[in-house]
Amino acid sequence: MEKTPEQTYVTIIRPKKLFSIRDITELWKYKELMYFFTWRDLKVRYKQTFIGIVWAIIQPFITMVVFSVFFGGLAKMPSDGVPYPIFVYVGLLFWQFFSSALGDTSNCLVANQSVITKVYFPRLILPISSVFTKLVDFAVATLMLVVLMFYYGYVPHISGLLILPLLLFITFMASVGLGLVLASINVKYRDVRYALPFFIQIMLFLTPVIYPASIAGKYSFILALNPMTGVIQNARAALLGTAPINWLLILISFIATFVIMIIGVYFFKKTERFFADIV
Amino acid sequence: MSNPIIEIKNIGKKYNITHQRGGYVTLRETIMNVLKSPLSFLKAKTKEEFWALKDISLNIQKGEVIGIIGKNGSGKSTLLKILSQITPPTTGEITLRGKIRSLLEVGTGFHPELTGRENIFLNGAILGMTKKEVVKKFNEIVEFSGIDKFLDTPVKYYSSGMYVRLAFSVAAHMESDILIVDEVLAVGDAEFQKKCLGKMKEMSTEAGRTIILVSHNMTAIEQMCSRVVLLEKGRATKIGPTIEIVNEYLDKFLEFGDGEITLTKKPGVDISFSKISITNEKNVITNNINYKENFYINLELDVFKETKDVDLGIYFKNSLNTDLVFSCLSDKSNGQLKTFKPGRYNFKVEFSGGFLMQGIYSIKISVHNPGILTIDSRDDVISFSILPPSGRPASRGGAGCVSIPNRWI
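Residues numbered from 1 in each chain as written. Chains lettered and ligands numbered in written order. Predicted model: local features only at pLDDT ≥ 70, side-chain atom pairs only at ≥ 80, totals over all residues. Heavy atoms only, no water.

Caption draft 1: Geometry of the packing of helix 5 (residues 116-126) of chain B against helix 6 (residues 131-145) of chain B. Residues and elements named next belong to chain B. Direction vectors running N to C along helix 5 and helix 6 enclose 130 degrees, while the axes themselves pass 10 Å from each other. By the angle between their axes, helix 5 is oblique relative to helix 6. Between helix 5 and helix 6 the crossing geometry is right-handed. Residue-level inspection shows Arg117, Ile120, Phe121 and Gly124 of helix 5 in contact with helix 6, the latter providing Lys131, Val134, Val135, Phe138, Ile141 and Val142. Among the residues making up the contact of helix 5 with helix 6, the classes are represented as seven nonpolar, one polar and two charged. (Axes fitted to C-alpha atoms, helices over the stretch in contact; angles between N-to-C directions. Helix = DSSP H or I, 4+ residues; strand = E, 2+ residues; numbered from the N terminus. Parallel < 35°, antiparallel > 145°, perpendicular 65-115°, else oblique. Left-handed = near helix turned anticlockwise from the far one by under 90°. Contact = heavy atoms within 4.5 Å. Nonpolar A, V, L, I, M, F, W, Y, C, P; charged D, E, K, R; others polar.)

Encoded structure:
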């Protein structure tokens, strides 16, 4: 039956409930705007730079070189029997995706304040599109990994490649989830801007990026609570064959991410009501 | 009659004043407050409540153009923000039966680094258009804006006029059943404002769109709207036909204006205005002037140092900020400029009634060495209104600002 326009778009505005199924269907409805925000961020970011998207490779690459010299070369950090540069690069790849996404999401509401106070759209779009922007950087940085793997003669297992999307998904959700919490706090307390770089630095040492998780011995279960531990460990297992894939660790990461996500959405929805009034 | 396209029921919006203080608080402050008085923090805080809006109820039919007027802080913007879902109401419910788009600002989300073409797509998406829609209307948008030559130039290089034109063109091509517009007319030059008004009028009459318009510009409200809501301190005190409500508002509004204003000296000037007032024929200070009545502008001037070749000017502007009339001291002496010795001077300038049409006017005064130096100049120093002529319809929107003596032969 043909619908009249009146039936098609009925909007009811009420005092906001915490969460409703409408939020999810709405996200889907606004997917195009999400795409445009991502597109804008990428375009703007590289428009004023000289070497543009190459930065996405340079950052993890230089970090890898420095870490290889100091941790791999001088400190003789164990690396599960894999050449240290490629070992640390896999870790950095995921870690930088996570940490840079966190930086962007935590700031997304404040940065888009002029839009938030003038137009309606589901606010969840903003943090998600920030993470998508970083996903593009991740994809570019992966090219360097391919080069490294070729150079060191590593061939990933097919089954290993299949698990990568899952790991990427966990990283994605973890950064969105934690980003939501930080973004909501940042609206009210701008302290986040100062605390975050510090927090990320500490976290780098609590995640097996520059060292293998085995180094922590019997305390490694604490590391496992950090979802990035499971991701990085298994990325190495899948790509470099350092160990068999640890499904338990993936499950733990998945659950931890899920919990972070719930807390994040709850926090975000709770503050969403007065974003526009206080940003 | 079918259901109203917009149904507003008992809408209220409460703010807690504590949240408003200083924009945002730091974590330290919150922590310190908890440490200082943990008990009072746990107890329900004694927040001061402020209702920005209270008990607003209104039904709007399809195709109506509704104006919302009120002084600053009366809750107009809050109401629009609730209608556009930017902030949720505290109480009540609104049902919107149609696709709704709001235009609280032209060029929302424009990015200076992006080109005109890119910004059309981005802004379109932000305003709720699909990419397909934008592609379909792209040529129309570009044509309307008249900036086709600069389409691939980043908008940061645009003049502010070009920027606004492009932004409005995108907005003007959104498709919606309900359009919410806030003070958009306040930007741009008079010509642009006219174009905006024209486009909106076209939308309502030809496309049958429902429009809610907030403006301080009574001329625009009178031209566009069939009904007007007057907001006062968060309540809709009057809802009714445009002319009636606008006149009532103007009367009220002008009570607050002053017919005499004392001016403070700016540091370092040799000559300064010290007082300006408007008087009517009975020599009463007022800023409500009857249409046919002569009125006087009285200036008081302090001269601190002897100054040569001085002229005084009075400029009239209408509510669209367009300069209308200019008069200067040297008119009296055939262009001869005057030398002022230190002391206080008073000037009285007579203006004949029947020249300025009904409306609100604002005055700018200046004292200067013509072509060389402005000594003291005060913009919008005082405003006054010409009341509607008796025996004519109360509102004569569109009849212009000035009437010149003329004869039908």
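Caption draft 2: Summary view of unusual backbone geometry. Residues and elements named next belong to chain B. In the Ramachandran plot, Asp55 falls in the positive-phi region, its phi being about 50 degrees despite a non-glycine side chain. Tracing the backbone through its elements, the reader meets Asp55 in strand 2 (residues 49-60). Owing to a relative accessible area of 47%, Asp55 belongs among the partly exposed residues under this scheme. Despite not being glycine, Lys233 shows a phi value in the positive range, around 50 degrees. Within the fold, Lys233 resides in the loop between strand 8 (227-232) and strand 9 (235-241). (Buried < 20%, exposed > 50% of the residue type's maximum accessible area, 1.4 Å probe, protein only.)

Caption draft 3: Quick peek at the interface of chain A and chain B. Of the residues lining the interface, 36 residues belong to chain A; the matching set on chain B comes to 48 residues. Inspection of the chain A/chain B interface yields two salt bridges. For the salt bridge of Glu118(B) with Lys43(A), the shortest nitrogen-to-oxygen distance reads 2.9 Å. The interface formed by chain A and chain B contains three residue pairs in polar contact (both at pLDDT 80 or more). Of all elements in the fold, only strand 1 (10-13), helix 3 (31-47), helix 6 (113-116) and helix 12 (247-278) of chain A reach the threshold of two or more residues within the side of chain A that touches chain B. Element by element, the count of residues in the side of chain A that touches chain B is highest for helix 3 of chain A, at nine residues. Here the residues of the side of chain A that touches chain B sort into 17 nonpolar, four polar and 15 charged. (Salt bridge = Lys/Arg side-chain N within 4 Å of Asp/Glu carboxyl O. Polar contact = N/O pair within 3.5 Å; in protein donor to acceptor, adjacent residues only side chain to side chain.)

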